[in-house]
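Inside the fold
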Amino acid sequence: MFVKKLSKVCLLGLRNVSGRGQAAARLYSEAHELGRPPPPTRLETSSAANLMDIGTRRIFAEDHDIFRQSVRRFFQEEVIPYHAEWEKAGQVSREVWEKAGEQGMLAVLIPAERGGVGADVFSAAVVWEEQMYSNCTGPGFTLHSDIVMPYISNYGSEQQIQRFVPDMAAGRRIGAIAMTEPGAGSDLQGVKTYAKRDGGDWILNGNKVFISNGWMCDLVVVVAVTDREAKSSAHGISLFLVESGTKGFQKGRKLEKIGLKAQDTAELFFEDVRLPADALLGEPNKGFYYLMNELPQERLAIAAMGIASCEFMFEETRNYVMQRKAFGKTISDLQTVQHTLAELKTGICVGRAFVDNCILLHAEKRLDTATASMAKYWATDLQNKVATQCLQLHGGWGYMWEYPIAKAFVDCRIQPIYGGTNEIMKELIGRSIVRRK
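A brief structural summary. (Residues numbered from 1 in each chain as written. Predicted model: local features only at pLDDT ≥ 70, side-chain atom pairs only at ≥ 80, totals over all residues. Heavy atoms only, no water.)

1. With respect to the overall build of the chain
Within the chain one finds 13 helices and 10 strands. Relative to its length of 437 residues, the chain is compact, with a C-alpha radius of gyration of 22 Å against a globular reference of 22 Å. Every one of the 437 residues in the chain was classed for burial, and the buried ones make up 54%. Nonlocal contacts in the chain, meaning residues at least 24 apart in sequence, comprise 74% of its contacts between residues at least 6 apart. (Helix = DSSP H or I, 4+ residues; strand = E, 2+ residues; numbered from the N terminus. Rg over C-alpha atoms; globule rule 2.2 N^0.38 Å. Buried < 20%, exposed > 50% of the residue type's maximum accessible area, 1.4 Å probe, protein only. Contact = heavy atoms within 4.5 Å.)

2. Thoughts on helix α8 (residues 158-169)
When the terminal C-alpha atoms of α8 are compared, their 16 Å separation across 12 residues agrees well with the 16 Å that a helix rising 1.5 Å per residue should span. Buried within α8 are the following residues: Q160, I161, F164, V165, M168 and A169. Looking straight down α8, one finds that the buried residues subtend no more than 120° of arc, so they occupy a single side. Exposed and facing more than 90 degrees away from the buried side of α8 are Q159 and Q162. For α8, the elements touching its buried residues are α5 (94-102), α7 (141-155), β1 (175-178), β4 (219-225), β5 (237-243) and β8 (280-281). G171, located one to two residues past α8, shows a positive phi value of around 80°. (Expected span 1.5 Å × (residues − 1). Arc of directions from axis to C-beta.)

3. Side note on the nonpolar core
Counting 70 residues, the largest nonpolar core has W128 and F141 as the members making the most contacts within it. Residue assignment for this core shows that the elements contributing at least two residues are α3 (62-79), α5, α6 (121-134), α9 (287-321), α10 (335-363), α11 (369-394) and α12 (404-411). Per-element tally for this core: the top contributor is α9, with 13 residues. Aside from chain neighbours lying at most four places away, what touches F141 is F74, F75, V96, W97, A100, M105, L106, Q131 and D146. (Core = buried A, V, L, I, M, F, W, Y, C linked by side-chain atoms within 4.5 Å.)

4. As for the side chain of H64
Here H64 lies in helix α3. In terms of polar contacts, H64 uses its side chain to reach the backbone amide nitrogen of A61, at 2.8 Å. (Polar contact = N/O pair within 3.5 Å; in protein donor to acceptor, adjacent residues only side chain to side chain.)

5. Describing the packing of aromatic side chains
Centre distance and the angle of the planes are the two values used to describe a pair of aromatic rings. Applying the stated rule across the entire model yields 12 aromatic pairs. Centre to centre, the rings of W97 and F141 are 5.0 Å apart; their planes meet at 85°, and the pair counts as edge-to-face. Highlighted residues: W97 in helix α5 and F141 in helix α7, separated in sequence by 44 residues. Summarising the burial analysis for this pair, W97 and F141 share the class buried. Cluster of aromatic residues (ring-pair linked, three or more members): F74, F75, W97 and F141. Its guanidinium or amino end placed over the ring of F60, R68 lies 5.0 Å from that ring's centre, counting from NZ or CZ. The ring of Y194 has R228 lying over it, and the distance from NZ or CZ to the ring centre is 3.6 Å. (Phe/Tyr/Trp six-rings, centres within 6.5 Å; stacked < 30°, edge-to-face > 60°. Lys NZ or Arg CZ within 6 Å of the ring centre and 35° of its normal.)

6. A look at the state of the cysteines
Evaluated as defined, the whole model comprises zero disulfides. Cysteine C310 shares no disulfide, and the gap to the nearest cysteine sulfur, in C412, comes to 8.0 Å. For C310, a relative accessible area of 0% translates into the label buried. Cysteine C358 is unpaired, with the sulfur of C310 as its nearest cysteine sulfur at 15 Å. A relative accessible area of 0% means that C358 is categorised as buried. (Disulfide = S-S within 2.5 Å.)

7. Points about the pairing of β5
Within β5, six of the seven residues are buried, which leaves it mostly tucked inside the rest of the structure. Sheet topology places β4 next to β5; seven bridges connect them, and they run antiparallel. Counterpart to V221 in the pairing with β5 is L241. Where β5 lies against β8, two bridges are found, and the strand directions are antiparallel. Bridge pairing links L239 to L281 in β8. (Pairing = 2+ DSSP bridges.)

8. Focus on the packing of α9 against α11
As a packed pair, α9 and α11 sit with axes 8 Å apart at the nearest point and diverge in direction by 20°. On the basis of their axis angle, the class for α9 and α11 is roughly parallel. In this structure, α9 crosses over α11, and the sense of that crossing is left-handed. Looking at the contact of α9 with α11 residue by residue, the class counts come to 17 nonpolar, eight polar and three charged. (Axes fitted to C-alpha atoms, helices over the stretch in contact; angles between N-to-C directions. Parallel < 35°, antiparallel > 145°, perpendicular 65-115°, else oblique. Left-handed = near helix turned anticlockwise from the far one by under 90°. Nonpolar A, V, L, I, M, F, W, Y, C, P; charged D, E, K, R; others polar.)

9. Re the packing of α3 against α5
Where α3 meets α5, the closest approach of the two axes is 11 Å, and the angle between their N-to-C directions is 160°. Relative to α5, the element α3 lies roughly antiparallel. In terms of crossing hand, the pair formed by α3 and α5 is right-handed. Across from F74, E78 and V79 in α3, the residues of α5 making contact are V96, K99 and A100. Among the residues forming the contact of α3 with α5, the class breakdown is four nonpolar, no polar and two charged.

10. Remarks on a nonpolar patch on the surface
On the surface, W397, Y399 and M400 cluster together into a nonpolar patch covering about 360 Å² of accessible area. Looking at the element boundaries, M400 is found in the loop between α11 and α12. Among the residues examined, M400 registers a relative accessible area of 32% and is labelled partly exposed. (Patch = residues over 30% accessible without salt bridge, like charges linked within 9 Å, V, L, I, M, F, W, Y side chains within 5 Å. Areas by Shrake-Rupley, 256 points an atom, 1.4 Å probe, with all protein chains shown as cover. Salt bridge = Lys/Arg side-chain N within 4 Å of Asp/Glu carboxyl O.)

11. Notes on α7
With 15 residues, α7 should cover 21 Å at 1.5 Å per step; its first-to-last C-alpha distance of 21 Å lies within 8% of that length. Most of α7 is tucked away, with 14 of its 15 residues classed as buried.

Here is the structure:
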């Protein structure tokens, strides 16, 4: 109860702090110009006693710290104790979704007038980071809130927004997005799922794979071709809202993965699914452009979660090496271990500085595709390097499933793959470099 009240109070404040994070640097500059003392200093990650300390990093304000305390307590009390059970089940509980909704942890970025919390991107980043600090990857909150819901909020009709957003913000309706197909992953222009007009309706046929939240979802944003004669595939793609239980829409099995054991991932099948005209999201044949507009936020979230995972793994490893004894002393006394830790922390702090800058850019609506691609590629590559080295420092115990580093190791492997593979990220970055102006 305390957590719920604390969360609600700080979220009301967070609706009014948009821009406070990016304004921090300006406050220091203005104070210097006017001869005033600077505002209280917040430690950056490199100087903090613990990489996960609350109250650090200049992009955040005190209201964000209060929100972080409540989110951290939520994961400690409502997620961590049940996660092993969810890993065996291959999905989390419905109850945790509704509890997250009660806490104001869903739809954080969705404007309040459209049924969301209406807070800023720094608040959303708190939820991204705290989930990774808990080392519990089961709940698909970020996908639901910051990847699926913006499509409805930004491109949906007033009727669609009123029908779906409040329930999604409350955790009563779980969202997914169906892009990937057996023959089309990072190349969205290779999509084969097809929707054709039939009077005032649409008839949808096709199948999707690797769909996160796919088994539990109540609503899916489906990417489909609607104009096979378009001059390019990008000009003939549309988005549809398909509800669970619609005739012809079937969910396949929960897919068995090497990681993300508690995250429900499924195949989805659409066979002659008749959709009314109001199931179309936005305008016909504009889907590819909607996807391109929203992908930077998705890639930023992946990057932010990647760096947070690095911070968790580093602290987990530091604690381990300072307790583990070998050769008559703790292994943290070995120079080779100290040098490895030094390299790990330096890399993480460099990555943190860049990703925090990307969060600032996004708050100012200046995060472009190439920069978001850099963040996603760099942070997730770093995450896998950190995971490998941290597991190595655990020795044989790091290979045991009951050790947190083992779970973090297998969970992070998907990060360079989804959201667009890191090879595609490099392609996007490269194009921006050689593009003729």
